[in-house]
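# Residue-level structure breakdown
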Amino acid sequence: MEQVDKRRKALQEILLNKKREVVQQIENLMVAQEDTPSGILDTGDQSLKNHETDVDLTLLEMNNRLLKEIEDALIKLPENRYGICEECGAEISAGRLKAMPFAKYCVTCKERQELFEKIERTRTEA
Ligand SMILES: [Zn+2]
């Protein structure tokens, strides 16, 4: 039981760190958004600015979605539904989750999947 708690704590740490990162990024984007001066630019600059704003909004949306995923994962964590391979039900290693917090499969299943995809591709190409 202690082993489970230890793992859960490590995973929670990963998620909370990631969350802090994302929240910080969202805040930065919001500040950049507010700092954008309007009304003092000529048409050429304005269209350029609009383009930049579009990019920022996409980034903001991406980070918002990420934040939602992290919050979902934090809810799943105490119920032991986070960090479990959807294919075989094995625990996904903490190291893998650190690199990819939303990995759905363990390394073994992922590798097998990629191998199958590769075989499938070779077959359809031939
Ligand atoms: Zn698996």
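A quick note: this is a predicted structure, and the numbers were derived from the prediction, not measured.

## Side note on the overall build of the chain
Looking only at helices and strands, the chain has four helices and zero strands in total. When the elements of the chain are put in sequence order from the N terminus, they spell out α-α-α-α. The contacts of the chain with a sequence gap of at least 6 include a subset with a gap of at least 24, amounting to 60%. Carbon and sulfur atoms provide 53% of the accessible area of the chain, an area that totals close to 9500 Å².

## Quick look at the coordination of the zinc ion
Within the protein, C85 (SG), C88 (SG), C106 (SG) and C109 (SG) serve as the donor atoms for the zinc ion, at 2.3 Å. Because the angles between the four donor atoms bound to the zinc ion fall within 105 to 115 degrees, the donor set is best described as tetrahedral. We classify C85 as buried; its relative accessible area is 3%.

## A look at a nonpolar patch on the surface
Taken together, the side chains of V55, L59 and M62 make up a nonpolar region of the molecular surface, amounting to roughly 250 Å² of accessible area. The partly exposed category is assigned to L59, whose relative accessible area is 32%.

## Quick notes on the layout of surface pockets
By volume, the largest pocket amounts to about 250 Å³. Along the wall of the largest pocket there are 15 residues; nearest its centre are K76, Y82, E86, F102 and K104. Per-element accounting of the lining of the largest pocket gives the leading share, four residues, to helix α2 (residues 43–76). Considering only residue class, the lining of the largest pocket consists of eight nonpolar, one polar and six charged. Per-domain counts for the lining of the largest pocket show at least three residues from each of domain 1 (1–82) and domain 2 (85–126).

## A look at the pattern of salt bridges
When their charged atoms lie close together, side chains carrying opposite charge are able to pair. Applying the stated rule across the entire model yields seven salt bridges. Across the salt bridge formed by R7 and E91, the nearest N and O atoms sit 3.4 Å from each other. Taken together, the positions of R7 in helix α1 (residues 2–35) and E91 in the loop between α2 and α3 (94–99) put the pair 84 residues apart, joining distant regions of the chain. By relative accessible area, which is 17% here, R7 ends up buried. Measuring nitrogen to oxygen at the nearest pair gives 3.5 Å for the salt bridge that ties K18 to E21. Of this pair, K18 and E21 both sit in helix α1, separated by three residues, roughly a single helical turn.

Scoring rules and cut-offs
- Residues numbered from 1 in each chain as written.
- Predicted model: local features only at pLDDT ≥ 70, side-chain atom pairs only at ≥ 80, totals over all residues.
- Heavy atoms only, no water.
- Helix = DSSP H or I, 4+ residues; strand = E, 2+ residues; numbered from the N terminus.
- Contact = heavy atoms within 4.5 Å.
- Areas by Shrake-Rupley, 256 points an atom, 1.4 Å probe, with all protein chains shown as cover.
- Donors = N, O, S within 2.8 Å, 3.2 Å for Na, K, Ca; no water.
- Tetrahedral: all angles 85-135°; square planar, octahedral: opposite > 155°, others 65-115°.
- Buried < 20%, exposed > 50% of the residue type's maximum accessible area, 1.4 Å probe, protein only.
- Patch = residues over 30% accessible without salt bridge, like charges linked within 9 Å, V, L, I, M, F, W, Y side chains within 5 Å.
- Salt bridge = Lys/Arg side-chain N within 4 Å of Asp/Glu carboxyl O.
- 1 Å grid on protein atoms, 1.4 Å probe; cavity = no way out; pocket = protein on both sides within 12 Å on 5 of 7 lines; lining within 4 Å.
- Points joined across faces, edges and corners; volume = space filled by probe spheres on them.
- Nonpolar A, V, L, I, M, F, W, Y, C, P; charged D, E, K, R; others polar.
- Domains from an automatic or database assignment.

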